[in-house]
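# Structural characterization, general
What follows is each chain in one-letter form.
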Amino acid sequence: MNKLIPGALMMSLILVSCGGKTPGTDKKMGSVKFSVTYSGDPVTQGTIQILADGGKAAGGELNDAGEVYLSEVETGNYTVCLAPPTARPNPEGGPPIMPKKAENVPDKYYSPETSHLKAEVKEGDNEFTFELKE
């Protein structure tokens with residue numbers, strides 16, 4: 001067995017795990033942390049959605065700290081909006097439980113047309129903090 005192969009394999013794994021380009025493509029990628037608050041309190045219900053021209057999109061559910069972590073996001077400029085919490089299974093076996101919109105999120109943030117939130121994702125680690133306002 002060629003002694004160079006294990007070293008080359010290890011180097012390619014290191015490059016992939018550190019971000020950069022997706023293997024086999026020219027797409028540059030980054031990881032993103034979003035923090036969302038309203039009146040200083042974390043927004044803990046719903047999902048973050050990021051949308052770009054050309055169909056690029058990503059998203060994730062807000063956690064109890066009002067944060068979302070996304071990995072392998074294609075670099076570029078995105079409009080950021082929120083979506084209501086997703087339906088939850090009914091523990092009694094009936095229809096899914098449909099949650100209401102988060103009370104502390106003004107309606108304008110639920111639409112990419114009216115949300116003024118923007119994020120420019122670059123290679124490597126990115127962090128965005130949004131304080132929602134009326």
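It should be noted that the structure appears before, not after, this text.
What this report covers is the structure whose coordinates are included nearby. (Residues numbered from 1 in each chain as written. Predicted model: local features only at pLDDT ≥ 70, side-chain atom pairs only at ≥ 80, totals over all residues. Heavy atoms only, no water.)

Counting residues in each nonpolar core, the largest one holds 24 residues, and the members touching the most others are Phe34, Val43, Ile48, Ile50, Val80, Leu82 and Leu132. The set of elements that each furnish at least two residues to this core consists of strand S2 (28-38), strand S4 (47-51), strand S6 (67-74), strand S7 (76-83), strand S8 (117-121) and strand S9 (124-132). Broken down by element, this core gets its largest block of residues, 4 residues, from S2. (Core = buried A, V, L, I, M, F, W, Y, C linked by side-chain atoms within 4.5 Å. Buried < 20%, exposed > 50% of the residue type's maximum accessible area, 1.4 Å probe, protein only. Helix = DSSP H or I, 4+ residues; strand = E, 2+ residues; numbered from the N terminus.)

Pairing within the open sheet is antiparallel, and its 4 strands lie in the order S5-S4-S7-S8. Among the strands making up the open sheet, the edge pair consists of strand S5 (57-61) and S8. Neighbouring strand axes in the sheet, compared pairwise and without regard to direction, differ in orientation by 30° on average. (Pairing = 2+ DSSP bridges. Axes fitted to C-alpha atoms, helices over the stretch in contact; angles between N-to-C directions.)

The values reported here are purely geometric and, on their own, carry no functional implication.
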